[in-house]
Amino acid sequence: MRLLEIHRYPVKSMGGESLAEVEIDGRGLVGDRWFAVVDAEGHLASGKNTRRFRRHDAVFDFAATTGSDGVRVGRADGDESWPVTDPALPERLSGAFGVPVSIRAEDAVPHQDAGQLSLVGTASLAWCAERWGGSPDPRRIRANLVVETDEPFVEDGWVGRQVEIGSSVLRVVGQVPRCRMIDLDQDGVVAGVGWLRPLGQERGTNLAVYADVAEPGRLAIGDEVRLNG
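Residues numbered from 1 in each chain as written. Predicted model: local features only at pLDDT ≥ 70, side-chain atom pairs only at ≥ 80, totals over all residues. Heavy atoms only, no water.

Per an unreviewed UniProt entry, the recorded name for the protein is MOSC domain-containing protein, and the organism is Enemella dayhoffiae.

Listed below in structure tokens is the structure:
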């Protein structure tokens with residue numbers, strides 16, 4: 001198996017960036033979801049409502065990239081962008097969101113969900129698209145790593161095992177339960193046919209797996225993916 005795609009999301013829930021290679025530290029992909037949009041009640045902007053998150057769909061109208069001058073944020077459909085540290089950025093975002101928001105770096109509360117990164121197999125995405133229609137683009141599920149696979153959902157069997165990619169070692173910790181976000185147009189992808197309802201009926205909403213970092217390192221597109229344990 002080979003690693004086919006790498007996706008990083010510098011600001012949680014915004015559009016992200018595709019990479020050829022990336023460093024893995026003890027937290028996950030370096031810089032992944034390090035920033036988040038936060039509302040006045042301290043909830044992280046997302047496409048769902050939970051104890052930590054608040055539904056602010058305007059977040060999907062923006063994208064974040066990493067350059068030599070750090071993380072920049074701009075409208076997903078425009079050319080203009082601003083440094084994440086720009087003092088005027090919260091006002092711009094608040095105008096788009098319709099409520100006061102700010103943008104903050106991670107502190108004591110992690111911005112990640114139930115794992116430090118996520119991984120999906122190409123066969124799983126293809127199976128969903130063939131069965132239900134819609135786009136198989138991994139950006140609709142915001143997966144960090146896309147692995148070339150021949151068997152749908154083979155990655156579910158990796159839970160509890162270690163995966164070596166490049167010089168890094170990951171520990172697969174569980175399946176990823178999905179929410180309405182997979183049916184939203186985001187990050188340049190038009191979802192098309194919704195997957196959430198049939199995914200709930202046939203797979204308990206699970207698609208892709210979470211992994212934590214066992215050994216930091218570096219990985220790149222084309223690296224062999226090796227299972228241990």
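A. Fine view of the overall build of the protein. Secondary structure summary: the protein contains three helices and 18 strands in total. Taken over the C-alpha trace, the protein has a radius of gyration of 17 Å; the compact-globule value for 229 residues is 17 Å, and the two agree within 12%. For the protein, buried positions account for 51% of its 229 residues. Considering only contacts in the protein between residues 6 or more positions apart, those separated by 24 or more positions represent 69%. For the protein, the exposed area adds up to about 10100 Å²; of that, 48% sits on carbon and sulfur atoms. Between the centroid of the 26 positive side chains of the protein and the centroid of its 35 negative side chains there is a distance of 5 Å. (Helix = DSSP H or I, 4+ residues; strand = E, 2+ residues; numbered from the N terminus. Rg over C-alpha atoms; globule rule 2.2 N^0.38 Å. Buried < 20%, exposed > 50% of the residue type's maximum accessible area, 1.4 Å probe, protein only. Contact = heavy atoms within 4.5 Å. Areas by Shrake-Rupley, 256 points an atom, 1.4 Å probe, with all protein chains shown as cover. Lys, Arg positive; Asp, Glu negative; His and termini not counted. Charge placed at Lys NZ, Arg CZ, Asp CG, Glu CD.)

B. Inspection of the sheet that holds strand β10 (residues 81-83) at higher detail. Taken together, three strands build an open sheet; the order of strands is β8-β9-β10 and the sheet is antiparallel. A strand with exactly one partner marks an edge of an open sheet, and here the two such strands are β8 (62-67) and β10. Pairwise comparison of adjacent strand axes, ignoring direction, gives a mean angle of 30° for this sheet. (Pairing = 2+ DSSP bridges. Axes fitted to C-alpha atoms, helices over the stretch in contact; angles between N-to-C directions.)

C. The layout of surface pockets, seen in detail. Its volume calculated, the largest pocket comes out at about 410 Å³. In this structure, the largest pocket is lined by 26 residues; those nearest its centre are R33, K48, D113, R178 and Y210. Secondary structure elements with two or more residues in the lining of the largest pocket: β12 (117-121) and β15 (168-177). Residue composition of the lining of the largest pocket, by class: 10 nonpolar, seven polar and nine charged. The residues that make up the lining of the largest pocket include at least three from each of domain 1 (2-7 + 16-27 + 113-228) and domain 2 (31-105). (1 Å grid on protein atoms, 1.4 Å probe; cavity = no way out; pocket = protein on both sides within 12 Å on 5 of 7 lines; lining within 4 Å. Points joined across faces, edges and corners; volume = space filled by probe spheres on them. Nonpolar A, V, L, I, M, F, W, Y, C, P; charged D, E, K, R; others polar. Domains from an automatic or database assignment.)

D. Structural context of the sheet that holds strand β13 (residues 145-147). Strand order in this open sheet of eight strands is β2-β1-β13-β12-β16-β15-β14-β18, and the pairing throughout is mixed. The open sheet terminates on both sides in strands that have one partner only, identified here as β2 (17-19) and β18 (225-228). On average, adjacent strands in this sheet sit at an angle of 35° to one another, irrespective of strand direction. Contacts between helix α2 (residues 122-132) and the sheet are confined to β1 (3-8), β12, β13 and β16 (206-215), with β12 contributing the most and set at about 65° to the helix.

E. Inspection of helix α3 (residues 196-203) at higher detail. Looking at α3, one finds that the buried residues are P198, L199 and R203. End-on view of α3: buried residues confined to an arc of 100°, all on one side of the axis. Residues of α3 that are exposed and point more than 90 degrees away from the buried face comprise R197 and Q201. Contacts made by the buried residues of α3 are with α2, β15 and β16. Of the residues trailing α3, G204 is marked for its positive phi of about 60°. (Arc of directions from axis to C-beta.)

F. Up close: the UniProt feature "domain: MOSC" (unreviewed entry) in the protein. In the numbering used here, UniProt assigns the feature "domain: MOSC" (unreviewed entry) to residues 86-228. In residues 86-228, helix accounts for 20% and strand for 31%; the two terminal C-alpha atoms are 45 Å from one another. (UniProt positions renumbered as here; feature names shortened; annotations may be inferred.)

G. Just the domain arrangement of the protein, in detail. If you check the domain split of the protein, you get domain 1 (2-7 + 16-27 + 113-228) and domain 2 (31-105). Between the C-alpha centres of domain 1 and domain 2 the distance comes to 23 Å. Each partner contributes to the interface: domain 1 provides 12 residues, whereas domain 2 provides 14 residues. For the domain 1 face of the interface with domain 2, the top three residues by lost area are E17, R27 and R180, together amounting to 41%. A salt bridge links R180 to D57, with the shortest nitrogen-to-oxygen separation between them at 3.1 Å. (Buried area = accessible area lost by both parts, 1.4 Å probe. Salt bridge = Lys/Arg side-chain N within 4 Å of Asp/Glu carboxyl O.)

H. How the structure looks around α2. What α2 keeps buried is the set A123, S124, L125, C128, A129 and W132. The elements touched by buried residues of α2 are β12, α3 and β16.

I. The pattern of salt bridges, seen in detail. Following the criterion strictly, the structure yields 17 salt bridges and no others. The salt bridge involving D113 is made with R52; its shortest N-O contact spans 3.4 Å. Taken together, the residues span a long stretch of sequence, with D113 in the loop between β11 (101-105) and β12 and R52 in the loop between β6 (44-46) and β7 (53-55) at a distance of 61 residues. Classification of D113 as partly exposed rests on a relative accessible area of 38%. Accessibility expressed as a relative area gives 21% for R52, which makes it partly exposed. Between R140 and D183 there is a salt bridge, with the nearest N and O atoms lying 3.4 Å from each other. Taken together, the residues R140 in the loop between α2 and β13 and D183 in the loop between β15 and α3 connect sequence positions 43 residues apart. Since its relative accessible area comes to 29%, D183 is described here as partly exposed. Overlapping salt bridges, with partners in common, bring together K12, R52 and D113 in one network.

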